[in-house]
Structures are given as structure tokens and as C-alpha cells.
Amino acid sequence: MAKAGCLNGCKRPTGEGTAGQADRKRRKADGGGRGPEEKSSRLSAALFGEDCEISHDQLYELLKYAALGKRHNATQPSWCRISHQSHLAGVVVIVLHEMSQLHFYKFYLQFKHLRKVFQHRFILTPSTNFFASLYGEGANLKPQNTAQGLTSTGSECIPKNSDLQCDPIIRKYGEKTQGLTSYILTSEEQRKNDYPIKGSPGCKGYIYTECDQQRTDSSPLFGLDCEMCLTAKGNEVTRVSLVDARGQCLLNELVKPESRVMNYRTRFSGVTKKMLLPVKTRLSDIQTRLKEMLPHDAVLVGHSLNADLQALEMIHPSVIDTSLLFARNEGRRFKLKFLAKAVLGKEIQCEQKLGHDPAEDARAALELAQFFIEQGPAKVAELNLEMLLTTEKLAEDSQNKAALHPQGCRVQKQLNEPPHLSKPCFLDCLKVTGQKPVLLGRQGLDSSSLCQSNLSTSNKQILQRALEDVPLSTFSIIQFSLGPEYIASHLLALCEQVRSKLTDMLTIYAGPFEEGFCLHSVKKEFGRCGPIQSLTVVTETYQPYVCIQYEVLEAAQLAVESLNGAEVAGSCIKVQRPVTAAMLDCDILIKELELDVENEGVIYVAGLKKSLTEMDLQEEFSQLKDLETLFLPKDLQSGKHRNCCFLKFQESQSAADALEVINAWTLKGSKLRSRNALASGHLWRWIWQMNHSNGNQRAHILYEKMEQLSDSEQDLRKKVKKLDHHIKKLYRSLQNNTLCVVLFPGVNRHGAQPGLGLMAVKDDRGRSAY
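Everything quoted here is computed from the prediction, not taken from an experiment.

A. View of the packing of aromatic side chains. Counted by the stated rule, this structure contains 16 aromatic pairs. Considering the side-chain rings of Phe-326 and Phe-372, the 5.2 Å spacing of their centres and the 85° angle between planes classify their relative orientation as edge-to-face. Highlighted residues: Phe-326 in the loop between α13 (322–325) and α14 (336–344) and Phe-372 in helix α15 (residues 358–375), separated in sequence by 46 residues. Grouping residues by exposure puts Phe-326 and Phe-372 together as buried. Judged by centre distance (5.6 Å) and plane angle (65°), the rings of Phe-621 and Trp-665 are edge-to-face. A residue pair is termed long-range when its members are at least 10 positions apart, and Phe-621 in helix α24 (residues 614–621) and Trp-665 in the loop between α25 (652–662) and β27 (666–667) qualify at 44 residues. Like Trp-665, Phe-621 is buried. Ring-pair connections join several aromatic residues into one group, and the members of that group are Phe-104, Tyr-105, Tyr-108, Phe-111 and Phe-744. Geometry around Tyr-208 places Lys-198 over its ring, the cationic atom sitting 4.3 Å from the centre. Above the ring of Phe-334, the side-chain terminus of Arg-328 is found at 4.3 Å from the ring centroid.

Here it is in C-alpha cells:
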């Protein structure tokens, strides 16, 4: 009997091990029997905590490999693993047009099937051209857009002026040539890209270069690059290089890490254990030398320089980051190796060498910045780097095919046939193998003979066609929609509704307290439930109350469950959430979040001392049976971890047993509190972002829209419920071992909203396979 398709998290071993034993126990408990020769499908992608944001490129590589396996240069995705790909019955992608993560949680109770079947979820960055980024822009989806003999050299490859205006470099910098000060990152850009900043809580103990002199267009540039190894502390520097504006190497030094080395990363760093044995130089020595060498108006240049400065534990006020300078769409970045070849004509990071040469990388980044400053944004945009990148990838593909089939493939001798867009379409490859993908939807899917495409007028018609056509195809994209009248015009109001409800769910009121009560005691007691965002005293009442807003849902719920009726600060208090119309279904929502398949086997633990590191917690909790993953939430701005964590277990029963143990536990003098998780995965990150965004920014234009939304909300809920039923019906019709991905693409207008992805491999009971 055929092996089942299996998608495994990249952080998990590929063998069966304890996870496989856990799967067998689960199947036995569920009453599911299988023949002795058939293997269970299992889906266990590593999408826990902060590892839950996936780019369109990562989604593209998953779908490409799922559809093609190792053919046509497809490779295992970098963020998860598909075992037995050749035995997948098919791939089905369900796209919910113009919907975002916002819609999933606004209508969470209506999406009953999605939340009970699809365990693995990820945040998806919204795209300006969603379908192009989904399966590659090289597809001839509209015959009139076919490329007409573009060449990689000469005037034909230069974008037209209208195209140039759309280039991300031109949009960011304009067309005029400017001095170097125009390309220095602002404080906000540094903060957004995780640069160490003076006075930031996460940079305590960092060394400031004291280069405070005002920068001019004549200020000196210095290229900087470091190589790191992995130690018990994290990333630590093992080699540092600094070059001046003429490319002369001023510093090229090996550095001995302070902590025990766990991985030298020799493949990338070129540093071995033997090389570091005689080294006496420490990080403090390098910090002192750099501080002495840099003039007071120095501008540092590097590629993703934030990582180097973080590893050096140094703060420098003026930097040019070439990974951001050569701007791309959707937050993507060019690799230094590609930019050096495409812009400078230089080969760096050659495979023949052992690891990277930091002096070479520092010099390349410096020369790239000098090229950009001297030539100006317009000249850089005319290089058409996106096209060159795709050309390079296609040339590599052609060489690989020629090596495999020297008689059947024509090796491209000259790069004179580049694609007209940025990513080669793997649907073309499916067509070459004789397979015709199915595309069904209302709009945006018009195609040539590439696919079996059908434009329908209603979700019901789309479902009927899908039930007929999907079983006959190995790759299908099905698009459903609520209709434009429910999406674009109501997005701002929808956002405000969800934000308001999340805020209420994170908020509790406690009291009454006696006059002159100790606020510090109250904060300390309620802080044991989890991280507090704000605490205020309510004085409008006869006796004082406190209003506490937490950062995580579990903390608020834990406070309600454990402190209601308790004696705090000398008073017997009542703890409750705000009472509003939107909160009347709060208890139901909390219960359903707890039962959500994404939170299966996950518990929340609060009351941790902030002095405890992740390694300390790993050691303390290692005695718990079947513990699989520990996630320690961090403030996404300061980088400091919170006084809580999430523990994920291989078995739900193990999680339940751990709850009993932990609730009776004292760790380092601190009594712990725990409960089942409510928002352990991508939802935690999204709640944090919603909670820290400016909710009042457009409040003055929302009232009328919210009134309109209220009028149509009942009808909208019915449509969402019906949509969920359509997906359930389609999912149940799929063959066993079919990979099914449901995508809320996100919205790029009316205020960008991130998308959401859900994944499952269907098993023989019509459920997702874990």
C-alpha cells in the first residue's frame, strides 16, 4: 500500500521517534484502525510562537515542492518538511478572496470547520499581486501579456519610464542622485529593523561608539562584517573585518567567544575549533579597537548590519544597510552574493572556499553603497535586478536539466530569454509533465491553455465545479469570495471592532478595595498571572477599583479564574471583564479558543522570574513528560522576554498532567500559575501587534462605517458560516493524503491587514493528520 504524504516541521527529526509513538497512541484513542502496511499521514510544521510568520517566497517553495517533488529544481521548503512527497494524492489551495486574518478572528465562531481541522497556521504578508506570488509570475495567465523577445543586455531590458515609477527603489528614493546622508537609516528605520539603539532597554551594557559628529555627504564610509558561531549565550562573534572607503582592510581579527561554543557554523563562517584555540582576543578588545579606529563622523556600511552590531554589542548612530538600500517589494531582500555579481560583476562567497570571508563581504557591501550613491536610484532601477535574479535562477535550472537530460534539454548558452516577471511559474512545469492544474474562481484567475480555468458567478457554482474537477487534478486552486460589498468598504470598521473586542478580552476590573489600599501589592498579585500592559485606578465608583489590561489572553483569563473572590491587598474582591454587547459571547469564545486544534497539547505558564533565561526554563521543565517545545514570548520592540511561557506537549494528556504539577510548583521562589493555552501560535503575535497599534488613528471616519456594518453583520455572519460549510464539503471530498492549504491572502488597501494560512494533510477519517 502506498505511503502517506507527511509534512514535518523543520525543527523536528525526520525519524518517527517519540512523535511517531504519540501518533500511534492518538490513533488508538480515536479508534482509527489501519492496515499493517499503511503509514499514517502526519502534519507537524514548526509554527510555534515567533516562528509563525511566513513570506510569499516560503509559501511558494512549499507549494512548488508539494506539486513537483524533486523535479524541475524544486527543493524541500526551508521552514517545514514534506516526507514521502511522491505519495501525496494532490495539492489543493483554497483562497478566500480579499479576506485577512482579521476576518478569521472576527468570525471565529462561524469558521467552525477551519478551526477544528487545520492545526497549523501562519501569518502571511499581504501581496500586491497575490496569485503571481503564490505560484510564480512567469505564468502566461493572460495571453496579451506574453513577453516579446526581451534580452538581458541592450536597451530592451531597460524598464519603460512608467515601469520605472513603480520600481520600489524609485518609490523610496526618487530618481535624482543624492549624497550619502540621504541613505543613512533614520532612527525609526533602525528601530524597525532591529538595530541596537542608544537607551533602548534591550541594549543594556552595549558599547556606544561615541561617533556623534554631524554627518555630511563627505563623511567617511567604512565597511563592516562579522562571522558568528552559536554558543550557549546565542550568536557570538568569531571574526570581525573593517575596511575603509578605498577597500583597504583595517581590521581582520579572530575573536574567542565568552560562552561554550555549540556550533562553529564553519560552512558559513569558515571558522573552526582549531582556528580559535590559540586566539586570545575577546569581544571587549574588539569593541575598544573599533571605538578607537572610527572617526567621529564615520558611517558604517554593511549587509543586514543590524545582526553584526547586535553580535558586537555595539551601538553606532549612522549606518547604511545595503540589504535595505537595494529595495524590493513585500519586504524581501536581495542576497549580498547576488548583488555583488549583478551590480559589481564580482563573485563572492564561492563554494570552493570554506565559509565566507568577512573582509570580502565588507568590501562588497561598501562598494555597493558607493555605486548606489554615485550612480543614483534611476541608474540602479534600470539594472532591473528582479529580472536579472530570475534569469540567473532559470539559467541554473536549465543547467541542472541539461545535466540530467543532455539529449532532451537545450542548454541556454546566452541569457537572451529571461521571463517577463520575477518568479518562474511551477504550473508551467506541471504542464510539461502532462498535468493540467485546475483554477476555479470568480476573478483574477483568467488564463490561457495553461490551466483548466473556469470563472463562476457564485460560491455554490465554484463548489459544484470543484467537486467535479478537483479529484481529476493533482494541483488545484479554488477561490471563494464574500463579495466586494462586504470587504473593502467595511475593512476599517471591521478592524476597529476586532481591536475593541480584543482589548476588552485582555482587560479585567478588580475590586472593590479599601481607601488607601496598596497598589503595589495589587500589581504584584495580578502580575503573577502574566505580563501587564497597563494598570489604572478607577475612582468614579463608591470604592476604588483597578482596571488591568494584560498583553496575553491567558493572563486575563487566569486572573478571572484564580483571583475572583480572593483576598488581595486586604480586601475580598471580585474580578470580571468589561460588560458590553460585544462581550456577551466572551465565555463561548474563550471555550472555543481552548478547544481549538492549534492549542491542542499546549499550556500557558505564568509567574516566571524575568531573570530566568530560556535555557534555565528548558532545564527546569525538562522533567515534564513528552515536552516538545518551549516558547518564551518577547516584547517585539525591546526584545525583552515576558514573565510567562508556552509549553507544547506531544500528548494532550501529558499537557493535562503537567498543569497539575506546575500549579503546585514553586520555581526559584516564585509560585507558578498555569492553564490551557488560548493563543499560543500566530494569534499571540497578532494580538500583540493589534494591541500596540494606534486604534484611534482613523476613529473620526469609522462611526458611519460601523453603523453600516452593524446593519449587514447578521447577513455577513450567515455568508461566512455558509463559506465554512463549502470548505468543509470540499475538504471531505478530497482523497486521503491530500495536502490542503487555506489562504486568507490579506488586504493591501484601506489599511494593510496581514493574511493567514492554514494547512492540513487529510487522513482517512476526513480530518487533518497531525
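Following the structure, the description resumes.
B. Summary view of the sheet that holds strand β23 (residues 574–576). Pairing in this open sheet of four strands is antiparallel, and the strands run β19-β20-β18-β23 from one edge to the other. Only two strands of the sheet have a single neighbouring strand rather than two, namely β19 (532–538) and β23. Put simply, the sheet's adjacent strands are angled 20° from each other on average, direction ignored. Where strand β18 (residues 507–511) and strand β20 (residues 545–550) come together, four bridges link them in antiparallel fashion. Residue pairing in the sheet places Thr-507 in a bridge with Gln-549 of β20. Sitting on the sheet, helix α21 (residues 519–527) is in contact with β18, β19, β20 and β23, with an inclination near 140° to β19.

C. Highlighting the packing of α14 against α15. Between α14 and α15, the least distance of the axes is 10 Å, while the angle of their chain directions is 50°. Taken together, the axes of α14 and α15 lie oblique to each other. The hand of the α14/α15 crossing is left-handed. Side by side, α14 and α15 meet where Leu-336, Leu-339, Ala-340, Val-343 and Leu-344 of the first sit next to Asp-361, Ala-364, Ala-365, Glu-367, Leu-368 and Phe-371 of the second. Taken together, the residues that form the contact of α14 with α15 break down as nine nonpolar, no polar and two charged.

D. Inspection of the sheet that holds strand β26 (residues 644–649) at higher detail. Judged by pairing direction, the sheet is antiparallel, and its four strands sit side by side in the order β25-β26-β24-β29 without closing on themselves. Two strands bound the open sheet, and with one partner strand each, they are β25 (627–631) and β29 (673–676). Within the sheet, the average angular offset between the axes of one strand and its neighbour, ignoring direction, is 25°. Where β25 and β26 come together, four bridges link them in antiparallel fashion. In the sheet register, Leu-630 faces β26, and the bridge partner there is Leu-647. Its contacts with the sheet put helix α22 (residues 553–563) on β24 (602–606), β26 and β29, and the angle it makes with β29 is roughly 110°.

E. Main features of unusual backbone geometry. Of note, the bond from Gly-511 into Pro-512 is cis; its omega dihedral lies within 30 degrees of zero at 0°. Secondary-structure assignment places Pro-512 in the loop between β18 and α21. The phi angle at Ala-569 is positive, at roughly 55°, despite the residue not being glycine. Here Ala-569 is to be found in the loop between β21 (567–568) and β22 (571–572). Notably, Asn-737 is not glycine yet its phi reads approximately 65°, a positive angle. In this fold, Asn-737 is placed in the loop between α27 (703–733) and β30 (738–744). Residue classification places Asn-737 among the buried positions, given a relative accessible area of 12%.

F. Just a positive patch on the surface, in detail. Taken together, the side chains of Lys-112, Lys-116, Lys-591 and Lys-721 present a region of like positive charge at the surface. Counting through the fold element by element, Lys-721 comes out in helix α27.

G. Highlighting the pairing of strand β15 (residues 438–441). Judged by which residues are buried, β15 turns out to be covered on both faces: Val-438 and Leu-440 on one side and Leu-439 and Gly-441 on the other are all buried. Where β15 and strand β17 (residues 475–481) come together, three bridges link them in parallel fashion. Each residue of the ladder has a partner; that of Leu-439, found in β17, is Ile-477.

H. Fine view of the pairing of β18. Counting buried positions along β18 gives four out of five residues, so the element sits mostly inside the fold. Sheet topology places β18 next to β23; three bridges connect them, and they run antiparallel. Its bridge partner lying in β23, Gly-511 is registered against Lys-574.

I. Structural view of the pattern of salt bridges. Following the criterion strictly, the structure yields 22 salt bridges and no others. The network of salt bridges with common partners includes Asp-57, Arg-328, Arg-332 and Glu-386.

Definitions and cut-offs
Residues numbered from 1 in each chain as written. Predicted model: local features only at pLDDT ≥ 70, side-chain atom pairs only at ≥ 80, totals over all residues. Heavy atoms only, no water. Phe/Tyr/Trp six-rings, centres within 6.5 Å; stacked < 30°, edge-to-face > 60°. Helix = DSSP H or I, 4+ residues; strand = E, 2+ residues; numbered from the N terminus. Buried < 20%, exposed > 50% of the residue type's maximum accessible area, 1.4 Å probe, protein only. Lys NZ or Arg CZ within 6 Å of the ring centre and 35° of its normal. Pairing = 2+ DSSP bridges. Axes fitted to C-alpha atoms, helices over the stretch in contact; angles between N-to-C directions. Contact = heavy atoms within 4.5 Å. Parallel < 35°, antiparallel > 145°, perpendicular 65-115°, else oblique. Left-handed = near helix turned anticlockwise from the far one by under 90°. Nonpolar A, V, L, I, M, F, W, Y, C, P; charged D, E, K, R; others polar. Patch = residues over 30% accessible without salt bridge, like charges linked within 9 Å, V, L, I, M, F, W, Y side chains within 5 Å. Areas by Shrake-Rupley, 256 points an atom, 1.4 Å probe, with all protein chains shown as cover. Salt bridge = Lys/Arg side-chain N within 4 Å of Asp/Glu carboxyl O. Lys, Arg positive; Asp, Glu negative; His and termini not counted. Charge placed at Lys NZ, Arg CZ, Asp CG, Glu CD.

Nothing here speaks to function; it is all geometry.
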